[in-house]
Every structure is written in C-alpha cells, then in structure tokens.
Amino acid sequence: MSPFRYFAPRDLVEACELLGGEDAVPLAGGTDLLVALRHREVRPGRVVDLKQVTEIGDQISIEERHVSIGARVVMSRLVASEIVRDDFPALASAASVVGSVQIRNRATLAGNLCNASPAADTATPLLAYSARVIISDGAEERGVPLEEFFTGPGSTVLRRGEVVTSVELPLPEGRSGSAFARVTRRRGVDLASVNLACFVDDSGRARFGLGAVGPTPLAAESTVDQLTTDDGMQRLLDVASPISDVRAGADYRRAMLRIHARRALQAAIEGLG
Amino acid sequence: MSQESIIDVTINHARRTVSAPPSMTLLEMLRSRLGLTGTKECCAEGECGACTVIMDGDPVNSCLVLAVETEGSVVTTIEGVGNNGMTYLQESFLDAGAVQCGFCIPGMVVAATALLERTPEPSANEVRDALSGNLCRCGGYDRICDAVLRATSGARHDA
C-alpha cells in the first residue's frame, strides 16, 4: 500500500479535525479499508483510527425508548448480545453471516453502514427496524434515518470531518416479530446475491429492508393485510431495481426477492408470538 | 511519510518493541520484522484465513490489521501455540491425516485453538462454522474437522 500517516486520536473533536483534511480516511475495523488500501483504490495522506476515541462507544446500551449501539461495536459482539438477540433477532442473524469469524471479530456495524455496499448485510435489518444513524462533526450531533443515510453505492450523507458515533434502534412498543433472509452462491463466506429483513408489529405494519437489489439498501413499508396478495407484495417490491452481475442475474434476483420476502414475512409473523 | 512508528506489543507471551511504518500490516510485521514466518500470506485480503492470529483473545486476519493498531495488544501466532512442544490439537492434525500441502494449517490450527478455548466441546457444525474463514486448496476439510473434533475435551476423555 502507499505510505500514509497514522493517527489514533483520543477525543472526538481531534478526530473530526483530522478527518476534515481532504486526504484523510477513517479507520474502524479495517476489514474493508485495508483491502482498498492494498489495491490502492484509496491513497490517503492520513489514516485516522477511531478506536481510541472515548466518545465513540463500544457498548450496546438500553435507553428509555431505544437501544444504542456504539460505533466501535463489532459484529461478533452483536451476535453475542442478549439485547440484540431478544429484541432485534434479524440484526443478530445478519451480523452472524458477515464475512468469517475473523472478519466479524474486527468489522464494526457502523463501518458496514459507512462502507455503503448495496449488499451490506446488516443494513437490511436496520432499515426494517427504522434505525437512526447518529453523526457528529465534533461540535454538533445530528440523527439521520438510515433510509436517508445512503446516497449511492459506496456513498453516504457523511460530510468531510463527520463521523458516525452510534446507531439507534427504537425499542418495539408492543409485540413484534422479525426475520432476516439471504441468498448466496455458497453457504460459507460470500457476499449476498439478495438479502432482506422484515419487521412486523401488532398494529399490522410490515417494514422491509432490501439489499443487493438497488444502488443502495432500500426500505419499503406496507401492511400485513396488503402483503397477503401477490399484487400487494409486488407493489412493495417495485422499489427494487436489481442489476445482473457476477453474483446473480437481475431476473434471478427479482425471483429470489419475491420468494424470500414472502418467507421472511411469514417468519416475522410467526415471531409475533 | 515513510516514518516508522514504535509499537509496544505482546507477542507469544513476550513484550516486544517493534518499529514499523504505518502502512505495514501485522502480517508483514510478524514475517519480515520478527521472523515469525509460521503465519502465512496467501490472499492478503481477508478471504483465506492463512494469516490468522489471536489478537486480544479473538482470531483475526493479520493481513487486515495494521501493525500500528496492535499497540498495547496481546497477539498469539502459530509459534506461540504449543510453546512447550505440540498441543493435543496439533497431534490430532497428524493423527487425522489432516495435513496435505500444509500451507493453510497454521491458520487452521490458530482458528481451531481459538474455538476450543471458548468452546471446549464444539459440535461438528460449530467446527465448520469456526473454520469457514479458512480455505484449504488441497480440499482436506473433512479430515481437518475430524482433527479438531478429536481434540475436544470429550474426545480426549474417551481416548
């Protein structure tokens, strides 16, 4: 990789200042960044390691109305978290299939979002759960609904000098159910050809996150009643615009999306208990 | 720009002070600065697991960690597994005939060591999941899984 300077700031203001420079890139788990550095797809002058920043948490905490996941929390932590497994099981499922054991021990949830892959596994349950991304520029904080966070493949609303500090998931108020589904070419380490998550609550609302079927992970919402018909399901899935690539053809993606959206909805309804 | 950083890190139970440029990976530091060539470089992008080491208790791909990120960490490489001769797990790899060309084996042994530390009696599926980030081009997966299952505490008790 090309030479760069390395910084490991301890406070948020310093981190955001360092990231304000044009040639600076943030480093969290590094599982995407180091590959890009190696292929010289990025040639930063400085790499700003966010893992020492005290304001960026490595905890999963229950607040009054939501659960807060610090931006340093790695995938294996999510999988092991009782809070996540109990209240957000589709997120635990998605986190458990990202990369390999070795990747999951380094890769962060926030990094998966900031990398903004259209196929990001954890983005789909977070969209289904109406997650918000908390962003700071060192002075001020703003919260962005995840469906407004992605702007295209590999791009987000993050401005230069801003970092994600946490991800917030609203705690379901009544009974709820959710499920994650994923189509890959092989069972082990692979990127998704299609991935999706479904969340239903006892008011009959059904909310989906759909991955690898558009330029960004997509949110779609309807009601359980509407989705009982093929037409209703088709209207929900019209938001998808899959392309053909090395992992799957567009038609195959569309077909898998229909089948797995239906199955995930069924599983989520069963999870209502 | 190419200035070196000084890194204090514990490697295989010994405190080390290593000099490395910021763009050097942990894998490169182990092999070229410390002569620990048991950790193998293969894909160098986190796909194959040949470079697996245990960092602060967790198996990670050393090709995806910058050397400077290990400041203050505790790292165990294949050389640190079985400091006093071979471990029971390593003996099991021999007994099961799990080694063909051998290139993936250090990564396999390190990943399996991390698994057995956390889960002393894994099921066959847990072994397969734990090793799914380690590729073997010889295709010796069944024997490798056998080897790990032979080394579980239950199997040792039966032996």
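Worth saying up front: this structure is predicted, and the values here are computed from it rather than measured.

**Description of the overall build of chain A**
Each helix and strand counted, chain A has 11 helices and 14 strands in total. Principal-axis analysis of the C-alpha atoms gives chain A an extent of 55 × 45 × 30 Å. Considering chain A as a whole, with its 273 residues, one finds that 53% of them fall into the buried category. In chain A, the proportion of contacts linking residues at least 24 apart, taken out of those at least 6 apart, comes to 59%. For chain A, the exposed surface amounts to about 11900 Å²; the carbon and sulfur share of it is 46%. Side chains of chain A give 31 positive and 35 negative charges; the mean places of these two sets differ by 8 Å.

**Here we look at the side chain of B:T77**
Residue and element names in this part refer to chain B. Within the fold, T77 resides in the loop between strand 5 (74–76) and helix 2 (88–95). By relative accessible area, which is 0% here, T77 ends up buried. When near neighbours in sequence (up to four residues on either side) are disregarded, T77 contacts N12, L30, L36, T39, V53 and V110.

**Comments concerning helix 10 (residues 230–237) of chain A**
All names here are of chain A. Within helix 10 the residues assigned to the buried category are G232, M233, L236 and L237. What you see down the axis of helix 10 is that its buried residues fit within an arc of 130°, all on one side. Counted as exposed and oriented over 90 degrees from the buried face of helix 10: D230, D231 and R235. Taken together, the buried residues of helix 10 touch strand 13 (205–211), strand 14 (218–223) and helix 11 (250–271).

**Quick word on the confidence of the model for chain B**
Low-pLDDT portions of the prediction should not be read for the details of their coordinates. Mean pLDDT over chain B works out to 94, with 97% of the residues at or above the 70 mark. Both scores are given for the predicted complex: the pTM is 0.95, the ipTM 0.95.

**Re the sheet that holds strand 3 (residues 46–49) of chain A**
All names here are of chain A. Read across the sheet, three strands follow the order 1-3-2 without closing on themselves; strand pairing throughout is parallel. Both edges of this open sheet fall to strand 1 (5–7) and strand 2 (24–27), since each of them pairs with a single strand only. In this sheet, neighbouring strand axes are inclined to one another by 25° on average, regardless of whether the strands run parallel or antiparallel. Where strand 1 lies against strand 3, three bridges are found, and the strand directions are parallel. The residue of strand 3 that forms the bridge with Y6 is V47.

**Brief notes about unusual backbone geometry**
Despite not being glycine, A:R40 has its phi angle at roughly 55°, a positive value. Position of A:R40 relative to the elements: it lies in the loop between helix 2 (33–38) and strand 3. Here B:N12, not a glycine, exhibits a phi torsion of approximately 50°, which is positive.

**Re the sheet that holds strand 7 (residues 141–145) of chain A**
Sheet strands pair by backbone hydrogen bonding; their relative direction is either parallel or antiparallel. All names here are of chain A. Sheet architecture is open: five strands sit in the order 4-5-10-6-7, paired in antiparallel fashion. At either end of the open sheet lies a strand with only one pairing partner, and these are strand 4 (60–62) and strand 7. Within the sheet, the average angular offset between the axes of one strand and its neighbour, ignoring direction, is 25°. Alignment of strand 4 against strand 5 (residues 66–70), held across three bridges, turns out to be antiparallel. Pairing of I60 across the sheet is with I69, part of strand 5. Across the sheet, helix 1 (residues 12–19) is in contact with strand 6 (132–136) and strand 10 (163–170); its angle to strand 10 comes to roughly 120°.

**Thoughts on the pattern of salt bridges**
A side chain of one charge can pair with a side chain of the opposite charge when the charged atoms of the two come close. Summed over the entire model, instances satisfying the criterion amount to 19 salt bridges over all chains. A salt bridge links B:E69 to A:R106, with the shortest nitrogen-to-oxygen separation between them at 2.9 Å. With B:E69 in the loop between strand 4 (58–61) and strand 5 and A:R106 in the loop between helix 6 (101–104) and helix 7 (109–115), the pair connects residues from two separate chains. You'll find B:E69 and A:R106 in the same group, each marked buried. Taking the shortest distance from any N to any O, the salt bridge between B:D142 and B:R128 comes out at 3.0 Å. Taken together, the positions of B:D142 in helix 5 (residues 141–150) and B:R128 in helix 4 (residues 124–130) put the pair 14 residues apart, joining distant regions of the chain. For B:D142, a relative accessible area of 49% gives the class partly exposed.

Parameters and conventions
Residues numbered from 1 in each chain as written. Chains lettered and ligands numbered in written order. Predicted model: local features only at pLDDT ≥ 70, side-chain atom pairs only at ≥ 80, totals over all residues. Heavy atoms only, no water. Helix = DSSP H or I, 4+ residues; strand = E, 2+ residues; numbered from the N terminus. Buried < 20%, exposed > 50% of the residue type's maximum accessible area, 1.4 Å probe, protein only. Contact = heavy atoms within 4.5 Å. Areas by Shrake-Rupley, 256 points an atom, 1.4 Å probe, with all protein chains shown as cover. Lys, Arg positive; Asp, Glu negative; His and termini not counted. Charge placed at Lys NZ, Arg CZ, Asp CG, Glu CD. Arc of directions from axis to C-beta. pLDDT = per-residue confidence, 0-100. Pairing = 2+ DSSP bridges. Axes fitted to C-alpha atoms, helices over the stretch in contact; angles between N-to-C directions. Salt bridge = Lys/Arg side-chain N within 4 Å of Asp/Glu carboxyl O.

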